[in-house]
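# Inside the fold
Next come the chains, spelled out residue by residue.
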Amino acid sequence: MRLEPRTHTPLAVRILAPMGAVVAALALCALLVAWTGAPVLTAYGLLVEGAVGSRFALTETLTRATPLILTGLAAAVAFRTRLWNIGAEGQLYMGALAAVVLGGGMLNLPFWLLWPVVLLGGALAGGLTLLGPAVLKVRFGVDEVVTTLLLNFVVLLFVSMLLEGALKDPMGMGWPQSAPVVEAAELPKLVARTRLHAGLVIALALAVLLWLIDTRTIWGYENRAVGANPRAAAFAGMPVTRVMLRTALLSGGLAGLAGAAEVAGLKGYLTLDLSPGFGYSGIVVAMLAQLHPLGVVGAALFIAGIFVGADAMSRAMPVPNYIADVLVATSLLCMLVAGLLARYRLRRG
Amino acid sequence: MPSNPPLRSGGGWCRRRRVGATVRKAMTNPIQPVVLRLTGITKRFGPLVANDGISLTLHAGEVLALLGENGAGKTTLMNILFGHYVADEGTVEAFGHPLPPGSPKAALVAGIGMVHQHFTLADNLSVLDNVAVGTEPLWRFWSDRAAARRRLLELADRFGLGVRPDAPVGDLSVGERQRVEILKALYRDARILILDEPTAVLTPQEATGLFDTLRRLTADGLAVVFISHKMHEVFAVSDTVAVLRGGRLVATRATADTSREELAEMMVGRAVKPPTPTPMVPGEPVLELKDVTVLSGHGRPHLDGADLTVRRHQIVGIAGVSGNGQTALADLVSGLIVPDGGTLALKGQPVRAADAAAMVRRGVARIPEDRHAAGLVGSMAVWENLIAERYRDPAFQRWGVLKRAAARRTAEEAIRAFDVRCPGPDARTQLLSGGNMQKLILGRTLAYGPDLILASQPTRGLDVGAVSYVHGRLLEARAAGAGVLLISEDLDEILAVADCIAVVYHGRITPLLPHDRVSVRQLGLLMAGHWDVLSEIADAA
Amino acid sequence: MENLFTIGDVLVSAAFWTAVLRIATPYVLGTLGELLCERAGVLNLGIEGIMVLGAMSGWMAVYQGADLWAGVLVAMACGALMGLLHAALTVPLGLSQHVAGIGVTLLGTSLSYFVYRLVLPQASTPPTITPFQPLDLPGSLAQTPLTYLAAVLVAAVAYVLYRTPVGLAVRMVGENPAAAEAQGLNVTAVRMGAVMAGSALMGLAGAFLTLSAFNAFFFNMVNGRGWICVALVVFASWRPGKALLGALLFAAFDAFQLRLQQMAGGVLPYQVFLMLPYLLSILALVLVARRAAYPRALMVPYRKGER
């Protein structure tokens, strides 16, 4: 058996690949579920029901998908240009930090101006966080994978320091959490009496916008060329360094926006458990979407559904809700193989 | 090593060249056993048939030249023989035993050694490591380094292949690396040695040295397959010649019984008229390097006080063994780097910043050395590659939005004008053949009436038709008023099209030498650093 | 002046150096494992998850009644299995080593948490085991057996890499796989073997945390140590001896900042001190990046006969 590159990948294969990967992941994790002694089909049934079975479940899944779309886009735009940003988690927290600072009452702005300032501030904070490793990469040749990973820990400690210090909520009963943002900084709710907020609309609009930039503008053209062959791009006269830094700002900005939107749209204040690994799950989202901005939306909805559904399932059954994390990790690994089969053909001999 | 016997009477051309070998052959050939037999080898890559039912035999003590144009299937055939590829049909038999397909290890055990065109050496490891790896059983508690060193030095001594066992391969010259490759095979008791285009990277004198080594090897009873597309090498070294064309074996001849004309016709299969340059009067300078230095960060600088002038209506050929500063020279003119010392001027204006896009705007057409790695983005469409140097022109974008229709139209025109064979402007570039990729680069760069053309190895790996196409286009541009800087390791190419030749050695460049006043021998000596020859050339002029 | 004296006192105290060796052990083992993988040309970002799995599985085996050394073996076997997964994806299939490594880390981490929660659903305070006890060898700063094992492994890995045929094969496939294959080596087998061996060491590094340094398994207990090992490999220029040196330097700094934290705790928030190891790793990368002699084929997949 050997692999032979396909000259052309049909659209059907590109769509079927992630679906096949997800099915494979579900099948593999069924073994784990069976190990716990729970009936597999009932467990998966509860998972689906918990994700989309009711109006409440659906809005919960959409709420959970909002930051995942943004971190998924963050990973997708970076990976497209071969900038291995694994630090979306840290950039998310920096964005959230900026949001509570800007939205905490220090700016006396009207509603229509304040929440955009809060979101943009969050994006800027996230972007600048990734700019550091990107500069180290283009200037000193430091591998950005390790630096972005390590920065995640630095950022969390930094946030922890502020939450126990300068930003600590005096009314917080001693918990390490920030004071809530003012009302004018909060994003409007999309559906009354649910947690679903306008962040979703922003995330969807950004997915479409990034898709247009990618396919229709010289920016997208440069990004693709630099990602596929930086040497040839540089030879042709493209500003490779600028493309890298620009991509870093954009990618980090999207992750920072995810954090700011969680604060301004959902939580209202900042704690150290704001993100259950949205930054890392974003990588899975981007890979399932094969780095396509519109695909990110679908993949984020799927991953969000898994997390929300698994929570519901684990309340009813003796299956720890970490099954969701296992499912997500397995999906990523299966997707890698599926992506290979989409690009190559398996031949005998 | 005894020298060849003195000249004896003999017939035809071979009296001059291969008397010793001919005499030896006459005595020994009939009883020499067959060591290698290829039968009906066929190999397809998708729709391309690289080898089509090829059968060959090789005898002990024989040098078989495998002659053919680029793309004729020589390298594929040898990669099958050595187990890198698996043949779709056919068998390989070494010393009477069939060779299992797809196993370099089996080939090694059977006594086959291969010297690849691109050396397979690890730069960071020592010569001894490179030679000894894989020769001992993997699961042993120690390596017998002392014995390995002794054996390596003994072999080096016996066949005149001097090497330093502890030097990292990265520090060696090209010629030394080739010696290491040959020693690797000998160390493993190879009885059949395959050399893939071994002279492509050598000076003419080094090539002669290699031929001497090969004679010592065959005198020792080894059989050699010598892959080449150069006629004079075939006559210099081989006993038998097999000609490949388009994946088929055209003929096998005793070298003594054939002629250059016959081989040329069999090899090409059609008359290819090489473009003949008409003499032209050079115009004003378009490129001037004065005392240019490019540092390398460690050791010897890439360029070391280099002077060079290229004028309009002039093709300047830069000859030299690779790694002597050609890359830095090409990068300078490409706009990728600026000199660390000295000045670089374009049409009289100094170049101060490394800006590839600015070089394009100022009328430099650049053909990169490695079209896959630096020239094209393989995963992108043909039209996207065709606008890669000019996508910021108002013709192709407005407010940052690509004018895709306009870009595609331009691409279609270039595809027509430069005869790029491809399904259309939307085809993925990596699916094109090497020749068509090069035409794509020509189409991207020559269509805009350049003042200066940088052509780095413009015909490397191309078949004969594509080579003459590229040369024809360069000569056309020269007639239209462009100056051409042709950097090539192929001395034949430089001699064919250049008006003036300069040799680069250790980062220094000789004055321009008119192509009709300098001999191959003199060029070879210059390439090896014997610049005292310059006075000889000056005296003759 | 008084502060200077205390700093000096710290540096000469046996307790300080005992702590250094203890802190260094998981870094030494993890760095050694990552070094083996990278020498064969495979970046293994699965290290963080493999360490988590090693910590959990080793501890769990002992908690279920196994011998401590059996726990060590379980952790190493689990590590090797994850290494097999990573190698299968990146070597014969040639998939992105970055993404596959992140996937292995996510899987190792989530699987560990899942199993731990499954076996111990309502453990509010983590149950404990009796860990390895320090051996009081004369003049040896009283370390547990795994620390001595780590020291022996450094020498063993160095010996294997530089003095045995299989070590040369590993270095060769990491430098130029095509050349290795031309010499009759099976590139896929050598790379997969190296990744599995390296991953077993990572599993051992994790097991040290639960079987030697502590006596229980906590979530987030590996806490980026794996990523620091990846940085240390670069800092050590892919050499076992320098890896040991780098890990010791790093641990000395870490132990020192712990002491400093106790002394200067009132002045600066403790988080500042906890940040230092990560920032120090980044700094180390910046310092060596320019002249780092990467194995030439690192992160380059090798597919036989592809054109």
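Just so we're clear, the structure is a prediction, and the values are computed from it rather than from any experiment.

The rules behind each value
Residues numbered from 1 in each chain as written. Chains lettered and ligands numbered in written order. Predicted model: local features only at pLDDT ≥ 70, side-chain atom pairs only at ≥ 80, totals over all residues. Helix = DSSP H or I, 4+ residues; strand = E, 2+ residues; numbered from the N terminus. Buried ≥ 20, exposed ≤ 12 C-beta atoms within 10 Å, placed from the backbone. Contact = placed C-beta atoms within 7 Å. Rg over C-alpha atoms; globule rule 2.2 N^0.38 Å. Axes fitted to C-alpha atoms, helices over the stretch in contact; angles between N-to-C directions. Parallel < 35°, antiparallel > 145°, perpendicular 65-115°, else oblique. Left-handed = near helix turned anticlockwise from the far one by under 90°. Nonpolar A, V, L, I, M, F, W, Y, C, P; charged D, E, K, R; others polar. Expected span 1.5 Å × (residues − 1). Pairing = 2+ DSSP bridges. pLDDT = per-residue confidence, 0-100.

When helices and strands are counted, chain C shows 12 helices and zero strands. Seen in sequence order, chain C has helices and strands lined up from the N terminus as α-α-α-α-α-α-α-α-α-α-α-α. Along the three orthogonal principal directions, the C-alpha set of chain C runs to about 65 × 50 × 40 Å. Looking at chain C residue by residue over its 307 residues, the buried ones come to 55%. When contacts within chain C are restricted to residue pairs at least 6 apart in sequence, long-range pairs at least 24 apart make up 79% of them.

Our next topic: the overall build of chain B. Counting its secondary structure elements, chain B contains 20 helices and 23 strands. By the compact-globule yardstick of 24 Å for 541 residues, chain B fits well, its C-alpha radius of gyration being 25 Å. Summarising its shape, the C-alpha atoms of chain B cover approximately 75 × 60 × 55 Å along the three principal directions. Taken across its 541 residues, chain B has 49% of its residues classed as buried. Taking the contacts inside chain B whose residues are at least 6 apart along the sequence as the reference set, 68% of them involve residues at least 24 apart.

What follows is about the packing of helix α16 (residues 434–445) of chain B against helix α17 (residues 464–479) of chain B. Residue and element names in this part refer to chain B. Look at α16 against α17: their axes get within 10 Å of each other, and the N-to-C directions meet at 15°. Between α16 and α17, the interaxial angle falls into the category roughly parallel. Judged by the twist between their axes, the crossing of α16 over α17 is left-handed. Contact with α16, carried on its side by G435, Q438 and L442, involves A466, V470 and R473 of α17 and no other residues of that element. A per-class count over the contact of α16 with α17 returns three nonpolar, two polar and one charged.

Turning to the interface of chain A and chain C, a few remarks are in order. Opposite the 37 residues of chain A that make contact, chain C presents 34 residues. For the side of chain A that touches chain C, the secondary-structure elements that each account for two or more residues are α5 (111–140), α6 (144–164), α11 (278–288) and α13 (323–343) of chain A. Looking at the side of chain A that touches chain C, the element that brings in the most residues is α6(A), giving 12 residues. A breakdown of the residues in the side of chain A that touches chain C according to their chemical character gives 29 nonpolar, six polar and two charged.

The phi angle at E197(B) is positive, at roughly 45°, despite the residue not being glycine. Looking at the element boundaries, E197(B) is found in the loop between β7 (192–196) and α8 (204–219).

With respect to the helices, strands and loops of the structure, S54(A) is situated in the loop between α2 (40–52) and α3 (55–80). Sequence separation of S54(A) and V182(A) is 128 residues, and the distance between their C-alpha atoms is 32 Å.

Take the interface of chain C and chain B next. For an interface, size is often stated in terms of accessible area lost upon the parts coming together. On the chain B side, the residues contacting the 22 residues of chain C number 24 residues. Breaking the side of chain C that touches chain B down by element, the ones donating at least two residues are α7 (165–175) and α8 (177–182) of chain C. Of the residues forming the side of chain C that touches chain B, the biggest block, seven residues, is contributed by α7(C). A class-by-class count of the residues in the side of chain C that touches chain B yields 11 nonpolar, five polar and six charged.

This paragraph deals with α13(A). Compared with an ideal rise of 1.5 Å per residue, which puts 21 residues at 30 Å, α13(A) spans 30 Å between its outermost C-alpha atoms and is within 8% of the ideal. For α13(A), the tally of buried residues reaches 16 of 21 residues, placing the bulk of the element in the interior.

All names here are of chain B. With antiparallel pairing, four strands are arranged side by side in an open sheet as β12-β11-β14-β15. The sheet is open, and its two edges are formed by β12 (303–311) and β15 (349–350), each paired on a single side. Alignment of strand β11 (residues 285–294) against β12, held across six bridges, turns out to be antiparallel. Residue pairing across strands places V294 opposite L303, the latter belonging to β12.

As a further point, take the sheet that holds strand β2 (residues 48–59) of chain B. Sheets are built from strands that pair by backbone hydrogen bonding, the pairs being arranged parallel or antiparallel. Residues and elements named next belong to chain B. An order of β2-β1-β4-β5 is seen for the four strands of this open sheet, with the pairing classed as antiparallel. Each edge of the sheet is formed by a strand with only one pairing partner; in this case those strands are β2 and β5 (97–98). Where strand β1 (residues 34–45) meets strand β4 (residues 89–94), five bridges bridge the pair, whose relative direction is antiparallel. Within β4, the position partnered with T42 by the bridge is E89.

Residues and elements named next belong to chain B. Going residue by residue along strand β16 (residues 364–367), you find V364 and R366 tucked away on one face and A365 and I367 tucked away on the opposite face as well. As defined by bridge partners, β16 adjoins strand β19 (residues 452–456) across four bridges and the pair is classed as parallel. The residue bridging A365 from the neighbouring strand is I453, located in β19.

Below, the discussion takes up the confidence of the model for chain B. On average, chain B scores 86 in pLDDT, and the residues at 70 or more come to 93%. Averaged over each element, pLDDT in chain B is lowest for helix α1 (residues 14–17) of chain B (36) and highest for strand β20 (residues 483–487) of chain B (95).

What follows concerns the environment of Y221(A). Mapped onto the secondary structure, Y221(A) falls in helix α8 (residues 218–228). On the basis of neighbour counts, which here come to 26 C-beta atoms within 10 Å, the residue Y221(A) falls in the buried class. Here Y221(A) is in contact with E384(B), Y391(B) and L402(B), once residues within four sequence places are set aside.

Counting all residues, the mean pLDDT for chain C is 89, and 93% of those residues have values of 70 or more. Overall fold confidence (pTM) sits at 0.89, and the ipTM for the predicted complex is 0.91.

All names here are of chain B. Here six bridges tie strand β9 (residues 240–245) to strand β10 (residues 248–254), and the two strands are oriented antiparallel to one another. Bridging from a neighbouring strand, V243 pairs with A251 of β10. The loop that links β9 with its antiparallel partner β10 comprises two residues; one of these, G246, has a positive phi angle of about 55°.

All right, on to α3(A) then. Residues and elements named next belong to chain A. Taking 1.5 Å of rise per residue, the 26 residues of α3 would be expected to cover 38 Å, and the 36 Å separating its terminal C-alpha atoms lies within 8% of that figure. Within α3, 21 of the 26 residues are buried, leaving the element largely enclosed by the surrounding structure. Where α3 terminates, the next one or two residues include R82, which has phi positive at roughly 55°.

Let us look at the packing of α2(A) against α3(A). Residue and element names in this part refer to chain A. Between α2 and α3, the least distance of the axes is 5 Å, while the angle of their chain directions is 80°. Put simply, α2 runs roughly perpendicular to α3. Within the contact between the two elements, α2 uses G50, A51 and V52 and α3 uses A57, L58 and T61. By residue class, the composition of the contact of α2 with α3 is four nonpolar, two polar and no charged.

Right, let's talk about the environment of M196(C) for a bit. Residues and elements named next belong to chain C. You can see M196 is positioned in helix α9 (residues 187–213). M196 gets classed as buried once you count the C-beta atoms within 10 Å, which come to 20. In this structure, the C-alpha to C-alpha distance between M196 and G83, residues 113 residues apart in sequence, is 4.5 Å. When residues no more than four places from it in sequence are discounted, the contact partners of M196 are A80, G83, L84 and A87.

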